[in-house]
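Below are the chains, spelled out letter by letter.
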Amino acid sequence: MMVQSRNLASRVWTARIFMILFLCLIMFPFLMIISVSFRSGNFATGSLIPDTPSLEHWYLAFGLPWEDADGIITEPPFPVMLWLWNSIKVAFMSTCIILLLSTTGAYAFARLKFKFKEHMLTAMMILQMFPAVLALVAIYSLFDKLGNYVPWLGLDHLGAVTVAYLGGLALHIWLIKGYFETIDNSLEEAAFIDGATPWQAFRYVLLPLSVPILAVVFILAFIGTVAEYPVASVLLQSMDNLTLAVGSRQYLNPQNYLWGDFAAAAVLSGLPISVIFLFCQRWIVGGLTAGGVKG
Amino acid sequence: MAEVKLINVSKSYDQGATWVLKNIDLNIADGEFAAFIGPSGCGKSTLLRMICGLEEISSGELFIGEETVNDWPPNERGVGMVFQSYALYPHMTVAENMGFGLRLAKADKATIHNRVQEAAGILQLEPLLERKPKAMSGGQRQRVAIGRSIVQQPRVFLFDEPLSNLDVALRVQMRQELSRLHRKLKTTSIYVTHDQVEAMTLADQIVVLSPLQEGSNSNLEQVGKPLELYHRPANLFVAGFIGSPKMNFFDGTIETSGEEVSSVKLGSGETIQVHVNTASASKGDPVVLGVRPQDALTEVNDGNSVTGKVAALERLGAEAYIYMQHDCIREHFTVRVEDCQRKEEGSTINIGFPAELCHLFNAQGLAFERTRVPKFD
């Protein structure tokens, strides 16, 4: 063990205290929202541990009627579970398609030779810098027109949102391309000599080695689409078709802020992301390419 | 099993802007073991990749067997390649690695199993078949890479510096194993290396390539059997490249030319007799005299010698290298001697050049024919 300088302990403790404070800073809003969701009534402010804990907001969020102490029955105002399901459907579908298109696209950019390759890569990067919000009007009128010919791609259809989300895949192409380029080209050359077509070399050699980056992209794309608000809020209109991110906004009317119900819905929206993350985590491992080549 | 024939094969990048290889003519007979050797940047790996089909051939024709295969993809050419970096599929076991090609070709399971077992038997890989590449040593990995080619039963084996990632002891062992394998399988093999020991010991035929010079017509320097290259180098490049330590070169002029014996006057005044045919040259023509470090003799007092100062001495036990200074030497003047007696730095000694062991090159670097070459087979 290396000889440590004498004030090491104090430095370690300073670092620890800094990290704990930083963690509190990050955790506080999250704890607040949980606290609000368990507080009776719709109050945004109050102590972190609710004075009068109640499950009313969670009952309503899960679509169950709530009977309070006075015997007054509140019917759930919004189909929160349906919104959650919509969110999951849209996010899952668009993430799967993003993954499919960005891996194959990244393979082309990383390994194949074609004209204007560099220009296309730069163009993708630059276009990605404009926020999608700026294109809301265009997106709206595009899908409005599209709906005349392909009904399930029209306004107020989840299909439209799914397709609109695919626009974000340029960033993922860059990410996966970077990973592909770390894998030695001779592996695929060996596969070609073994008689593989480019598709087989991709499918049997490159793809199994790229699982960690695919898991990362899957998580990133999923988070991005579940939490997306502007595009979904423009494309979706009827109550039953909203995603959770857009739907939760319904609780916050100018005259009537239902903070408690909103908080319960917000916590729920974090659920699918957590599940996907826990599921994908085991694919994020290092050392998959170990032993294949010696550089 | 097939012969490999190259006719005027050239390689350029950027539509002829840069040339790597020019006018390579080669004939590698069926069952022969050929080695491509040359310093880095001479295009030897590129040439191998062109034969394999991983690089396009810019011009010229490549035959494997009877057919022109210029436009054939690698797998149709019937070649097996062993990469310097092994290039094993890291997510597959040894058996899966070796059977991958057959699996793609949709061979039935029994065939795959038999062929893998057979190859594993040849390479003593049976106990490792279920391991992944990362759980194996460098030598084992390279054996698996060789096994993967054997399973495909190629017509030609291609080796791209397969031993350069291994340590010295393993390299010697693998070298012998490759030699044994070639005797057993008798498949045409092409081996790229920058290590002349590997080329000399393994190959039936050595192909020496040099980095392409501006304006030169080809960078194929010489093709021949190992000892032929050693004893009859066609030019200065081959003479300097084959043999270790490097041959010593002295600048001089022809004093007397002749068909059997000639004499050369060095710039420093010494006259050296050499057994080469210089009938084509005349007195005063500039030439380069070449003597291998192991052919030079110390402690001679007869005429055929030069006088130089000792610059440094390396004593290795069985042999010693004396590094000398001399006015007419190009690069280094090295003499290998078997006695390891101490010699004072700066002292002057006589180095004798046996006339029948000297090489002579003209101003263009081409060798004059030697007239008394020692016997070799």
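Below you will find a few notes about this structure.

## Points about the overall build of chain B
Along its length, chain B carries 9 helices and 23 strands. The principal-axis extent of the C-alpha atoms belonging to chain B is close to 75 × 45 × 35 Å. Counting every position in chain B, which comprises 377 residues, the buried fraction comes to 53%. A sequence separation of at least 24 residues applies to 67% of the contacts in chain B between residues at least 6 apart. Accessible surface, chain B as shown: approximately 16600 Å² in total, 46% of it carbon and sulfur. Taking the 38 positively charged and 47 negatively charged side chains of chain B as two groups, their mean positions are separated by 7 Å.

## Side note on the layout of surface pockets
Each pocket or cavity is described by its volume, and for the largest pocket that value is around 1100 Å³. Forming the boundary of the largest pocket are 33 residues, of which Lys113 of chain A together with Gly53, Leu54, Glu55 and Glu56 of chain B lie nearest the centre. Here the element with the most residues in the lining of the largest pocket is helix α8 (residues 185-193) of chain A; it accounts for 4 residues. Quantified by volume, the second largest pocket comes out at close to 720 Å³. Forming the boundary of the second largest pocket are 25 residues, of which Gln128, Ala132, Tyr165, Gly167 and Gly168 of chain A lie nearest the centre. Secondary-structure elements contributing two or more residues to the lining of the second largest pocket are α4 (117-128), α5 (136-149), α6 (158-165), α7 (169-180) and α10 (211-226) of chain A. The element contributing the most residues to the lining of the second largest pocket is α10 of chain A, with 4 residues. Tallied by class, residues from the lining of the second largest pocket come to 18 nonpolar, 6 polar and 1 charged.

## Brief notes about the sheet that holds strand β10 (residues 220-224) of chain B
Residues and elements named next belong to chain B. Reading across the sheet, the 6 strands line up as β6-β7-β8-β3-β9-β10 and stay open at both edges, with mixed pairing between neighbours. Looking along the sheet, the strands with just one partner apiece sit at the ends: β6 (79-82) and β10. Between one strand axis and the next, the sheet turns through 15 degrees on average, direction left out of account. Bridging between β6 and strand β7 (residues 156-160) involves 4 bridges; their strand directions are parallel. When the sheet's bridge partners are listed, glycine 80 is paired in β7 with phenylalanine 157.

## Side note on the pattern of salt bridges
All names here are of chain B. Enumeration according to the criterion identifies 14 salt bridges over all chains in this entry. Taking the shortest distance from any N to any O, the salt bridge between arginine 336 and glutamate 319 comes out at 2.7 Å. Here arginine 336, found in strand β20 (residues 333-337), pairs with glutamate 319, found in the loop between β17 (305-315) and β18 (320-325); they are 17 residues apart in sequence, far enough to count as distant. In this structure glutamate 319 comes out as buried when scored by relative accessible area, which is 19%.

## So, the interface of chain B and chain A
Between chain B and chain A, the contact holds 27 residues from the first and 25 residues from the second. Buried surface at the junction of chain B and chain A, both sides included, amounts to about 2100 Å², of which 60% is carbon and sulfur. By the criterion of area lost to chain A, the three top residues of chain B are Pro90, His91 and Leu104 of chain B, representing 25% of everything that side buries. Our count for the contact surface shared by chain B and chain A stands at 1 salt bridge. Of the charged contacts, one joins glutamate 189 of chain A and arginine 49 of chain B as a salt bridge, the two residues approaching to 2.7 Å between their closest N and O atoms. At the junction of chain B and chain A, the tally comes to 7 residue pairs in polar contact (both at pLDDT 80 or more). Elements represented by at least two residues in the side of chain B that touches chain A include exactly α1 (44-52), α2 (74-77), β6, α3 (94-104) and α5 (138-151) of chain B.

## Remarks on the sheet that holds strand β1 (residues 4-13) of chain B
Residue and element names in this part refer to chain B. Overall, antiparallel pairing links the 4 strands, which are arranged β2-β1-β4-β5 in an open sheet. At either end of the open sheet lies a strand with only one pairing partner, and these are β2 (18-28) and β5 (67-68). With 5 bridges joining them, β1 and strand β4 (residues 59-64) adopt antiparallel strand pairing. Counted as the bridge partner of isoleucine 7 is glutamate 61 from β4. Sheet strands touched by α1: β1, β2 and β4. Its angle to β1, the strand with the most contacts, is close to 115 degrees.

## Points about the pairing of strand β21 (residues 348-352) of chain B
Residue and element names in this part refer to chain B. Where strand β16 (residues 297-298) lies against β21, 2 bridges are found, and the strand directions are antiparallel. Residue pairing across strands places leucine 297 opposite glycine 352, the latter belonging to β21. Bridge count between β17 and β21: 5 bridges; the pairing is antiparallel. The residue bridging serine 305 from the neighbouring strand is glycine 352, located in β21.

## Examining the packing of α5 of chain B against helix α6 (residues 168-185) of chain B
All names here are of chain B. The contact between α5 and α6 brings their axes to 11 Å, and the two run at 15 degrees. Here α6 runs roughly parallel to α5, going by the angle between their axes. Judged by the twist between their axes, the crossing of α5 over α6 is right-handed. Along the contact surface, α5 presents Gly139, Gln142, Arg143, Ile146 and Ile150, while α6 presents Leu170, Gln173, Met174, Glu177, Leu178, Leu181 and Leu185. Partitioned by chemical class, the residues of the contact of α5 with α6 number 7 nonpolar, 3 polar and 2 charged.

## Concerning empty space enclosed by the protein
Residue and element names in this part refer to chain B. This structure, assessed with the given rule, holds 3 cavities of 30 Å³ or more. Here the lining of the largest cavity takes 3 residues from β6, the largest share from any one element. Tallied by class, the residues present in the lining of the largest cavity amount to 4 nonpolar, 3 polar and 2 charged. Taken as a whole, the second largest cavity spans an internal volume of roughly 50 Å³.

## Some details on a nonpolar patch on the surface
A grouping of Leu23, Met27, Phe28, Phe30, Leu31, Leu48 and Ile49 of chain A is seen on the molecular surface, where their side chains present a nonpolar patch of about 670 Å² in accessible area. Owing to a relative accessible area of 35%, methionine 27 of chain A belongs among the partly exposed residues under this scheme.

## Side note on the environment of serine 244 of chain B
All names here are of chain B. Inspection of the secondary structure assignment puts serine 244 in the loop between α9 (236-241) and β11 (248-256). On the accessibility criterion, serine 244 (55% relative accessible area) is exposed. Separated by 27 residues in sequence, serine 244 and threonine 271 have C-alpha atoms that sit 26 Å apart.

Quick notes on the rules
Every chain's residues receive numbers from 1 upward, in the order its sequence appears when written. Here chains are named by letter from A upward and ligands by number from 1 upward, in the order in which they appear as written. In keeping with the model being predicted, local features are shown solely for residues with a pLDDT of at least 70 and side-chain atom pairs are shown and tallied solely at 80 or more, while totals for entire chains, interfaces and linings include all residues. Hydrogen atoms and water are omitted, and side-chain values are computed over all heavy atoms in the structure. Helical segments are the DSSP runs of H or I of at least four residues, strand segments are the runs of E of at least two, and each set is numbered from the N terminus. Per-residue accessibility, obtained with a 1.4 Å probe over protein chains only, is compared with the maximum for each type, and a residue is labelled buried under 20%, exposed over 50%, and partly exposed between these values. For this analysis, residues touch if any pair of their heavy atoms sits within 4.5 Å. Computed by Shrake-Rupley with a 1.4 Å probe, the accessible areas treat only the displayed protein chains as cover when residues are assessed. All tallies of charge rest on Lys and Arg as positive and Asp and Glu as negative; His and the ends of each chain are not included. By convention, the charge on Lys lies at NZ, on Arg at CZ, on Asp at CG and on Glu at CD. Here the term cavity refers to a set of points on a 1 Å grid, laid over the protein atoms alone, in which a 1.4 Å probe fits but cannot get out; the term pocket refers to an open set having protein on both sides within 12 Å along at least five of seven lines, with lining residues being those that place an atom within 4 Å of a point. Grid points are joined across faces, edges and corners, and a volume is the space filled by probe spheres set on the points. Each residue gets one of three labels, nonpolar for Ala, Val, Leu, Ile, Met, Phe, Trp, Tyr, Cys and Pro, charged for Asp, Glu, Lys and Arg, and polar for the others, Gly among them. Should DSSP find at least two bridges between two strands, the strands are taken to pair. Note on definitions: angles span 0 to 180 degrees between N-to-C directions of axes, and those axes are lines fitted to C-alpha atoms, for helices only across the stretch in contact. One side-chain nitrogen of Lys or Arg within 4 Å of one carboxyl oxygen of Asp or Glu is enough to make a salt bridge. Summed over both partners, the accessible surface that disappears when two parts come together, traced with a 1.4 Å probe, is what is meant by buried area. Polar contact is the term for a pair of N or O atoms within 3.5 Å; when the atoms are in protein, one must be able to donate a hydrogen and the other to accept it, and sequence-neighboring residues count only if both atoms are side-chain atoms. Under this scheme an angle from 65 to 115 degrees is roughly perpendicular, one under 35 degrees roughly parallel, and one over 145 degrees roughly antiparallel; angles in between are oblique. Definitions for this section: a left-handed crossing has its near helix turned counterclockwise from the far helix by less than a right angle. A right-handed crossing has that turn clockwise. Patches draw on residues past 30% relative accessible area with no salt bridge. Two like charges within 9 Å are joined, as are two nonpolar side chains (Val, Leu, Ile, Met, Phe, Trp, Tyr) within 5 Å.

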